[in-house]
Structures are given as structure tokens and as C-alpha cells.
Amino acid sequence: MGDVMVLNDIEATAARIGIDLSQLDLDSIRLPPGENFGIISDDEDIYQEENSELDSGFGNIIVVDNLPVVPKEKYEKLENVIRKIYSQIGLIKDDGFWMPLDPETQKTLGYCFIEYNTPQEAELAKEKTHGYKLDRSHIFAVNMFDDFDRFMKVPDQWAPPESNPYKPGENLQQWLTDEKARDQLVIRAGSDTEVLWNDARHLKPEPVYKRAFWTESFVQWSPLGTYLATIHRQGAAVWGGASTFNRLMRYAHPQVRLIDFSPGEKYLVTYSSHEPSNPRDANRVVINIFDVRTGKVMRDFKGTPDDFAIGGTGGVAGVSWPVFKWAGGKDDKYFARMGKNVISVYETETFSLVDKKSMKVENVMDFSWSPTDPILALFVPELGGGNQPARVSLVQIPNKEELRQKNLFSVSDCKMYWQSNGEYLAVKVDRYTKTKKSTYTGFELFRIKERDIPIEVLELENKNDKIIAFAWEPKGHRFAVIHCDNTSSNNNPRPDVSFYSMRSGHNTGRVSKLTTLKGKQANALFWSPSGRFIILAGLKGFNGQLEFYNVDELETMATAEHFMATDIEWDPTGRYVATAVTSVHEMENGFNIWSFNGKLLYRILKDHFFQFLWRPRPPSFLTPEKEEEIAKNLKKYSKKYEAEDQDVSMFLSEQDREKRRMLKEEWEKWVAEWKRLHEEDKLERQKLREGEVSDEEEEYEAKDIEVEEILDVSEEVVSFED
């Protein structure tokens, strides 16, 4: 709340000296170069730390040791050999090579200094040539120049480290104990980032924390809601706390562009891409994996974008994010990436490959983890012109045992969708028709938790239908599909929405269709986190159409519209849902908060609106049996909240009555004032009428006036006879 208090002080000062802040364009104000007027950046103190790369400024220099010791006449030949090796990695500066001589013997000293244009090229040179074998007697030892500065600061005498007294930290889960059971959200608009309570009972958000220029690109909650991450030039940072948002840890990674948390929040992955000094060279990608609590780099990965592209083959311009996919669950034990014909699975105990080697999977095109178990689903397309069928495989980690495999024929494309509990896997398969001129879609449904993992095949009734969207019910057994006949003569057909269940009333092992909704303005599906309710959304071409649907009752609860909506996000409890229009559109930026059944609660407009994110909640500690017991006795637990809702309702009603009373008093005061002025001007009006009194109705005299009216005029010729 400190920033709010500062803002109040600024507004009070502006009012005192007569400045209208609403007329100021604060974004246009720029400080003079080199002047900060005493306002210290959050990242300023990073330069004060013993970070060698940022301290000395010599991060682009390497030291190559274990070179041959040669006389002066062989100096140039050795220099040419070293330059040839290191020029392949990056552009060496014109005066960027120095190999010192012993002044007494005039021989080289066995080491040299090489200066590149960028630190990234120097790091790559160290990585590629450390341990390089020039000949049997000379194996290069390469270090960063900055490392020597740090090594020289190590004292000669060992001293035991000082033990700092334990200081209990803040409760980072304090927000979960809110008495009103509210959820938090973060928004970014203009230069401001705000954390708010969703106070739906009072039909408005309640401020928690606000800060200008808190991040340089975006903010991101950690998966369990413990931290809020921000992005800066020097790296990433995480924030949290009981009563306010304090910086908990920084992660030094210059020019960081993307971040990703592990599911259990133990690790943070950061990504950056750096342009080389030589335009012919590829960009340099750097990926770091940090321990979230300590800020220590556990493992780094460096290479070109092609090294981290999906499939791992050349010719791919960008990197698909996230590069590493984490195994499900809170253990954060395994993560994996896909390369050319391999899946590399790493374990976090040593951050090395499981079994010290990657899994060889010829022509693998896609993979995904189960959300709850260390099980990989792999997709391999057809090989040999169709002689070898495509297949989907389930592989157990760490023993790499294949649990199940399904061969697929005439496949053009494949997408995999896991259900949130890891109980089911849906594989959407696009297959060619016999003529190869078109495709049709079907689903392979894996029952992961059942014996031998049985598979069912589901095909749509109309083979011409294309799948627009697919979504599993969270924690449930149902799924929804939006499908549309692409052969329809209608240029803009309204698609159908079908609901299915993995359970059947007669046979629990068979998928069954629940219903199909015809002709809906929908192209996206948004299930409530608690299941049962779903929003059928029409985004983009459908301009923000919303249908709130109850899948238990198979009925529509409400239809609504948020014109030009770009984002839809349920809160973690499934009680409320937010729809937002971000700065993709220039008009009507802001967000709406709706109840689960489609009632619009409140609307907030924000210019230059960039982000809306609900704060995630960690999983409940309650057992499924306890949750079921609470659901059965919900009326007993809900009495407290019903009483609070009634109090809020009465408070809002009292507010409305007070507002109406004030408006009535203002109106009566206005009328009384005009009556007083009218009475004061009475003599003046009488004077202007030369003494005539005309204010009262009885002063007027009614008179009958005769009016002559010509009805018709005609001409007639009259003849006169003599």
C-alpha cells in the first residue's frame, strides 16, 4: 500500500499548487540523460553485487591456457593457428588477440587472451574449445577473463563461514487465508501493474498492491500461486509476501525474454536469444534452469535456435516455447526436450540425462507428459511412404518401458490431449480418405488407469466435419468437441458442439454421446476448473459471443456478449470467470467479471490493457472423501456465507437508499434556491411590466375575440344588358 500512499501525497501536492494531473501526459516525461532525481531502480543494486559479468565489463574476453611455448620466430605461425580455431566461433576484434612473451627468453608463456565483440561469443568459445586437443601434449584450458578476478579474491587462509541467525520469512500463502475466501488477480495496463482482490460481493475489485514500471515486458504467476515473476534487462525476479509484495529472489540472465516454472515451483527456466556480431552466423540461444529459492543456476543449455526447435532439424527460424516440458506432479523430478530422432529426459537430482543417454525414437514429431505421472506420450508419423504406420506410444520413466502402443494408418496429423487427472488421453487423428484428396477426423481414447490401458475409437457421425476445438472436463470424465462441416455451401457456417462421456449408464467401459448443440456461435471451449459448467465462446470472427452451459443438466444458463473479447479465464475455484479485451484492439480495453452462471457482476475499463491473470491456488489438502462429505453437508457450511451475503446485500441496499436520499436532498435544495431567486426578482419584473402584476394566474383576463375568416374567393363574369 506504500505506492498508494505516495500517489495520494502527489495528488494532494498537485491540488495545493493548482496542477490538474488529469491533463498531464506522464508517459511523455523523460528524465535528462544520467539523471534519476534520487529515484533508484529496483535493478540498480545488481551492479553493486559481485557479479563478474556485470562488474568488470570483460565478459567478452577469454583466456586460453596450455598453448605450446614457442620462440619469437614461430610466434606468427602459432597465432595464425589459434586465430583460425577461434574465428570460426565469432568475430575477434581487430586488436583482440594478445599472446605475451617472456621478456628474458623471448618465448611465449603458454597462454593468450582473445577478445570477441559479445560475451555470448566468448561463452560459446569457452564451451566449444575447453578441452580441445591441439596435439598429444597440448589440451586447451579455457576460462573467462572475469573468472580470474573472482578467483583472486579468494583468501589464502581458509576461514569458516559466518553463521547468520535464522530469521523467519513472511508467510507466502497468507493470501489463501482471506476471511472472505476471495481470489486475487493481476492486471497490466499502461505502465502500471496492479494486484487486486476480486470482491464480487461488493461488485468491484479491491486494491492490494500497485506499482508503475514493475516489469519491462510481462508478469507471470508461479503454478501454485506462491510467486509473481517480473522480467527485466538484467534477468527475472520473483515477488511475494503476507501484506505486500517484496522481492524474494533475482535470477541474473541478461536480455531474458521468456520464463517457465516447473509444476512444483522448485525451478525456473529462462530463455534469451542474442544476435551475433557476424550477420552470417545464427542467433545464440541461452537457456538457464534456476533453483527458485536459492537463485543458483542448476544447468544451462546453449546453442542455435535450430538446436532447440521442435524436431531438432534445420531450417526452423524460431524456438517453440517451452523448450523443456516437465513431468506432472509437484515432485519436479523429470523434464524433457525433443531433438532430431531423440527424446532427451533429464532428472533433477543431478540435472543429467536419465541413464546418461537420450531415448532414440526415429522421426518423433511430438511428445507430452501425463499431468500426474512420469509417463510420456510419443507420436511418430508414417515412414517409408506408408509402409511403416504412424504410432502413438506410452513410455514409463525412468525405466523407459513401453506401456502401450497403437499403430495408425493414413495419418496426416495428430494432436494429443491429456485429462487433468491423467486418467484419459485423447489422440485426435486426421486421416486421409482413400482418394487422398481430403481428410476426416477421429479420436483414439486411452484409458490410462485401467488394466492393459484399453483404447476406444470415436468417429464423428459426419465424416466431413472438421474439429475446431476439443477440451476435457477438469477432474471429470466428459469432454466437449466443436465441429463443423467444411463442405457446407454456407460461407460462414455455425458449428455444432457435442458432449461425450467416458462412462455409460449400461457399460462403464464405453464412450457415450450426451448431446449435440446445433448451430452455435462458438469456436473455443472453457471448462470451469471444478467441472460441470462450460463456456461456449465465439471469439475473433464471432465478436465475443458467450454461452454459459450446465453439462449436468444439459441446459443453457445464460447467453451474453463481450464485444471483441480476446481472453477468457476462470478463477481457480470456478465461481467466477473473467473476459477481457486486451490492447490487440484499440477500443473498449478492460475486463468483465461474471458469475459462473452468466450474470455480469462488474466491468472495469483500462486504456492500453495488456494482461489479466488469476492467481492460481495450490491443490487442496483435503481427501476426496472429505470433499465429498463437505459437498453433502454444504448447507451447514453455507449458512455463514449466506449471512455474510445478506449483510452485503443490505449494505448495498443501504448505499443505494443513501444515494437516492442525497439526490433528493440536492434536488429539493436546488428547487428552493430557484424559488428564492424568483421571489427576489418579483419587484424587478413588475417594474419592467410598468406595474402590471402577472405572476399569479388570476391576474390574467379572458376575452372573446371575433375573427373573420375568408372561406373562398371566386371570380364570375356578369353581363349588363342595355
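Definitions and limits used
Residues numbered from 1 in each chain as written. Predicted model: local features only at pLDDT ≥ 70, side-chain atom pairs only at ≥ 80, totals over all residues. Heavy atoms only, no water. Helix = DSSP H or I, 4+ residues; strand = E, 2+ residues; numbered from the N terminus. Buried < 20%, exposed > 50% of the residue type's maximum accessible area, 1.4 Å probe, protein only. Contact = heavy atoms within 4.5 Å. Areas by Shrake-Rupley, 256 points an atom, 1.4 Å probe, with all protein chains shown as cover. Salt bridge = Lys/Arg side-chain N within 4 Å of Asp/Glu carboxyl O. Core = buried A, V, L, I, M, F, W, Y, C linked by side-chain atoms within 4.5 Å.

The next subject is the overall build of the protein. A tally of regular secondary structure across the protein gives eight helices and 43 strands. The buried share of the protein, taken over its 722 residues, is 39%. Within the protein, counting contacts between residues at least 6 apart in sequence, those at least 24 apart form 46% of the total. Counting every atom, the protein has about 43,700 Å² of accessible surface; 50% of that belongs to carbon and sulfur.

Turning to the pattern of salt bridges, a few remarks are in order. Opposite charge on two side chains permits pairing when their charged atoms draw close. Scanning the entire structure with this criterion turns up 36 salt bridges. Across the pair Lys126 and Asp147 runs a salt bridge, and its minimum N-O distance is 3.9 Å. Of this pair, Lys126 sits in helix α4 (residues 119–129) while Asp147 sits in helix α5 (residues 145–152), placing them 21 residues apart in sequence. In this structure, Arg532 and Asp552 form a salt bridge, with 3.3 Å as the shortest nitrogen-oxygen distance. Residue Arg532 is found in the loop between β35 (524–527) and β36 (533–538), and its partner Asp552 is found in the loop between β37 (545–550) and β38 (555–561); the two are separated by 20 residues along the sequence. A single network of salt bridges, built from pairs that share partners, joins Asp178, Arg182, Asp199 and Glu206.

Looking at soluble globular proteins, one finds that nonpolar side chains tend to be buried together. Ile62, Val64, Ile82, Tyr86, Ile114 and Tyr116 are the most contacted members of the largest nonpolar core, which totals 22 residues. Every element with two or more residues in this core is listed here: β1 (61–65), α3 (75–87), β2 (92–98), β3 (111–116), α4 and β6 (141–144). Element by element, the count of residues in this core is highest for α3, at five residues.

Let us now look at the side chain of Asn550. Considering the arrangement of structural elements, one finds Asn550 in strand β37. Setting aside anything within four residues of it in sequence, one finds Asn550 in contact with Arg532, Phe533, Glu555 and Met557.

It is worth stressing that arrangement in space is one thing and function is another; only the former is reported here.
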